[in-house]
Amino acid sequence: MMRVGMLTSGGDCQALNATMRGVAKTLYNADPDTQIFGFEEGYRGLMYNDYILMKPNDFSGILTKGGTILGSSRQPFKLMRVPGENGFNKVEAMKATYRNLKLDCLVILGGNGTQKTANLLSEEGLNIVSLPKTIDNDIYGTDMTFGFQSAVDIATNAIDCIHTTAASHGRVFIVELMGHKVGWLTLHAGIAGGADIILLPEMPYNFDSVLMAVKQRNKAGKRFSILAVAEGAISQEDAQLSKKEYQKKKANSPFPSVSYELGKKIQDALGQEVRIVVPGHTQRGGSPDAYDRVVATRLGAAAGRMILEGKYGCMAAFKNNEIVPVPLKEVAGRLKTVDPKSDIIREARDMGISFGNEL
Ligand code: F6P
């Protein structure tokens, strides 16, 4: 009889529950006496020994449910080795919980920061299997993360809705999408929603190029333009600044985000009305779409199999539509970014989409 811990950490997304269901059903199916301990609010539950002994029924009826039945919290990796209040040793506390519960392994669902801590715990001798969660699709070692496709659907729907109102009023609309460091979500939603200009963190923009793209549309008789802008999009000048200088600049900016600054500049330059739309956390909310349910179920079931076969220290990952275990040490601390030279960028550019860096 196996004793398995489970936790969801970091920002939530769709299909966390569907993934846990995949793991649990696979384990219960192999041995109905399997005991699953669900830690509450991610690593916090593991540190403070807050858990629920789950029942098979807890994993029923959650395939379509958004969020996470275990709750989540952000526990920054960089603070893991920093003592908490009264010298609290977070890493030792997590190890103690694992040992006291006599766990055979720990299943960890999370994004980049979470994977780094998963690797740390693996290096500390715990048996870890992790799963790639995030709407950002930026986890190294996997072609696909669960949550991404559902977020793309929501972001695309936001752009679709803007199309009709933008056309009626002849306005420029900026739809700001999630993604501080990477632009996968903006790129996919931008293409799926027919955005005219797509700005990504990986491809610093030049304002004159953005302006030129809007002007060209106006000249061609199009009454409106839609920009899909990642929240982490950055101008070419700002990309030259050090991280510290850029953070200082942002802290002193009168604009809440890059889109508002860009919007004001476009409006001032063209005299055309500009509106900003920020779907924000709606992109992480609601039910997983059908695609994500399949991704989540497959990844979950594969992680269950990895546990049954004792393959630890790995993340279940998609590679060319197959699921493979990728060592956590290869995943931790790396980011999967959009390659400006990739086919998808070239194809989008070939059919007239601007990435704001043409000049
Ligand atoms: O990593 C997922 C994500 O939604 C990012 O796209 C976004 O930048 C960030 O989390 C927002 O974090 P929070 O929910 O903590 O505001």
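Definitions and cut-offs
- Residues numbered from 1 in each chain as written.
- Predicted model: local features only at pLDDT ≥ 70, side-chain atom pairs only at ≥ 80, totals over all residues.
- Heavy atoms only, no water.
- UniProt positions renumbered as here; feature names shortened; annotations may be inferred.
- Helix = DSSP H or I, 4+ residues; strand = E, 2+ residues; numbered from the N terminus.
- Domains from an automatic or database assignment.
- Contact = heavy atoms within 4.5 Å.
- Salt bridge = Lys/Arg side-chain N within 4 Å of Asp/Glu carboxyl O.
- Polar contact = N/O pair within 3.5 Å; in protein donor to acceptor, adjacent residues only side chain to side chain.

The protein is annotated in an unreviewed UniProt entry as ATP-dependent 6-phosphofructokinase of Coprococcus intestinihominis. Looking at the protein in UniProt, the text filed under Cofactor (unreviewed entry) is "Mg(2+)". Per its UniProt entry, the protein bears the Function (unreviewed entry) comment "Catalyzes the phosphorylation of D-fructose 6-phosphate to fructose 1,6-bisphosphate by ATP, the first committing step of glycolysis."

**Points about unusual backbone geometry**
Within the chain, glutamate 41 stands out as a residue other than glycine whose phi angle is a positive 55 degrees. With respect to the helices and strands, the residue glutamate 41 is situated in the loop between strand 2 (35–39) and helix 2 (43–48).

**What to know about the domain arrangement of the protein**
Parsing the protein into structural domains produces domain 1 (3–147 + 288–331) and domain 2 (149–284). A separation of 34 Å is found between the C-alpha centroids of domain 1 and domain 2. Across the boundary between the two partners, domain 1 contributes 14 residues, which contact 12 residues of domain 2. At the junction of domain 1 and domain 2, the tally comes to one salt bridge. Residues aspartate 12 and arginine 284 are paired through a salt bridge, measuring 3.0 Å at the closest nitrogen-oxygen approach. Our count for the contact surface shared by domain 1 and domain 2 stands at seven residue pairs in polar contact (both at pLDDT 80 or more).

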